[in-house]
Amino acid sequence: MGRKKVALIGGGQIGGVLAQLCALRELGDVVMFDIVEGLPQGKLLDIAEVASVDSFDVSLQGTNSLADIKDSDVVIVTAGLPRKPGMSRDDLIATNAKIMKSVSEGIKQYAPNSFVIVISNPLDAMVTLCQKITGFPYNRVIGQAGVLDSARFECFIAWELGVSVKDVTAMTLGGHGDDMVPLVRYASVKGIPVMELLEAKYKDKAKAKEVMEAMVKRTRGAGGEVVALLKNGSAFYSPASAAISMAEAILRDQKRVLPSCAYLNGEFGVKGLYLGVPCVIGAGGIERIIEFKLDAEEQAMMDKSVAAVENIISVMDKMEF
Ligand code: APR
């Protein structure tokens, strides 16, 4: 019985971390494809040479030939430009849509049975395009956004309350943009609502609300905060970790509940659109979407996020590439 095979399309900042995490967790043999000669070969040689120290048994191959992704079980796509300071994710659409189109044609040709996890931005549009070009069933084409956005929200809550992030649960829904929907009502520390804990901390409801609003705002702008600091790229450790948790859930059939960019067919009142929602991820990719009732305020935020995603999709639909 052979090992599983993971293909990484794009060998830049995120691609490099993805490869290292795949190796450390022994998710399977790794093939990294990039158009830049020597880049994927050099990165994977670098990681492979430390296998005895890190104690992993997987093979790592860098390539400039897309045919080498043949028969991959999971394909993770990061090909495309990252943001520069002052840019929104949507500003990347013209360049990245062209790249996504060519990459998706290759996936369709060489890895027709794979599960695809898209990271390239603007995320919701890129997943939509990838599914359209590959023609793969919706459960096999997923976008990474919610795992990272939720992790950022959890991180800010843990810092604010001075508790381990391991005991914090929070989730964001909607598109991967400034209109994402961090769910305040369900944010908890070991099941205790975060709002209750903030009210206890500040002994003032208005102040607790203000602190939560600041965390929500920071979560929405967290990617931009990193871009502004790095100046010549965007976050790469965190999106890689987030996508690896999704890949692992598929490869190890974990049935993890992970907020993911999934195709909605009426769920949450949305039809025919990729959007961030809680999903059960296992050997069948997106095995189920978990629906629950949003309150009026959450629904209004969701509606705004849906409109933003529909807008970027309509921009893409008018493009010629
Ligand atoms: N096929 C394969 N790789 C490509 C292609 C292509 N057609 N076009 C570009 N690439 C490669 C580049 O050569 C580069 O190595 O994609 C890689 C992108 O890497 P970085 O520029 O370092 O970007 P990264 O930080 O990894 O982000 C990638 O993910 O989060 C998103 O917004 C981010 O869209 C960006 C993507």
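Residues numbered from 1 in each chain as written. Predicted model: local features only at pLDDT ≥ 70, side-chain atom pairs only at ≥ 80, totals over all residues. Heavy atoms only, no water.

Caption draft 1: Main features of helix α9 (residues 222-230). Restricting attention to buried positions, one finds in α9 the residues A222, G223 and V227. For α9, the angular spread of the buried residues around the axis is 145°, confining them to a single face. Within two residues after α9, K231 carries a phi angle of roughly 70°, on the positive side. (Buried < 20%, exposed > 50% of the residue type's maximum accessible area, 1.4 Å probe, protein only. Helix = DSSP H or I, 4+ residues; strand = E, 2+ residues; numbered from the N terminus. Arc of directions from axis to C-beta.)

Caption draft 2: Spatial organisation of the packing of helix α6 (residues 146-161) against helix α8 (residues 205-220). Contact pair α6 / α8: the axes reach a minimum separation of 9 Å and the direction vectors enclose 145°. Pair α6 / α8 crosses with right-handed handedness. Every residue of α8 that contacts α6 at D149, F153, F156, I157, W159 and E160 is listed here: V211, M212, M215, V216, R218 and T219. Here the contact of α6 with α8 is composed, by residue class, of 8 nonpolar, 1 polar and 3 charged. (Axes fitted to C-alpha atoms, helices over the stretch in contact; angles between N-to-C directions. Left-handed = near helix turned anticlockwise from the far one by under 90°. Contact = heavy atoms within 4.5 Å. Nonpolar A, V, L, I, M, F, W, Y, C, P; charged D, E, K, R; others polar.)

Caption draft 3: The site of the ligand, seen in detail. Around the ligand, 23 residues are found, and the nearest of them are Q13, I14, D34, T78 and L81. A distance of 3.5 Å separates an oxygen atom of the ligand from a polar backbone atom of G12. Between an oxygen atom of the ligand and a main-chain N or O atom of G80, the distance comes to 3.4 Å. Here the ligand loses 86% of its free accessible area of 730 Å² to cover by the protein chains. Cavity membership is defined here by more than half of the atoms lying within 2 Å of grid points; on that basis the ligand lies in the largest pocket. Looking at the shell around the ligand, the elements that each hand over two or more residues are α1 (13-24) and α4 (93-110). The greatest single-element share of the shell around the ligand, amounting to 4 residues, is contributed by α4. Of the residues belonging to the shell around the ligand, the class tally is 12 nonpolar, 10 polar and 1 charged. (Near = heavy atom within 4 Å. Polar contact = N/O pair within 3.5 Å; in protein donor to acceptor, adjacent residues only side chain to side chain. Areas by Shrake-Rupley, 256 points an atom, 1.4 Å probe, with all protein chains shown as cover. 1 Å grid on protein atoms, 1.4 Å probe; cavity = no way out; pocket = protein on both sides within 12 Å on 5 of 7 lines; lining within 4 Å. Sits in = over half its atoms within 2 Å of the grid points.)

Caption draft 4: Region of the structure containing the pairing of strand β4 (residues 74-77). Covered by surrounding structure in β4 are V74 and I76 together with V75 and V77, the residues of both alternating faces. Summarising the sheet, strand β1 (residues 5-9) and β4 pair through 4 bridges and their orientation is parallel. From the neighbouring strand, L8 faces β4, where its bridge partner is I76. Pairing analysis gives 4 bridges linking β4 to strand β5 (residues 115-118), with the strands arranged parallel. When the sheet's bridge partners are listed, I76 is paired in β5 with I117. In this fold, β4 hands off to α4, which returns the chain to β5; that crossover is right-handed. (Pairing = 2+ DSSP bridges. Right-handed = clockwise from strand over helix to strand, strands pointing away.)

Caption draft 5: A look at the layout of surface pockets. By volume, the largest pocket amounts to about 750 Å³. For the largest pocket, the lining is made up of 40 residues, of which T78, A79, G80, L81 and P82 are closest to its centre. Per-element tally for the lining of the largest pocket: the top contributor is α4, with 4 residues. Taken together, the residues of the lining of the largest pocket sort by class into 19 nonpolar, 17 polar and 4 charged. In this structure, the second largest pocket occupies an estimated 500 Å³ of space. Forming the walls of the second largest pocket are 28 residues, and the residues nearest its centre are V147, L148, A151, R152 and S238. Looking at the lining of the second largest pocket, the elements that each hand over two or more residues are α6, α9, α10 (237-251) and β12 (256-265). Element by element, the count of residues in the lining of the second largest pocket is highest for α6, at 9 residues. Looking at the lining of the second largest pocket, its residues break down into 18 nonpolar, 4 polar and 6 charged. (Points joined across faces, edges and corners; volume = space filled by probe spheres on them.)

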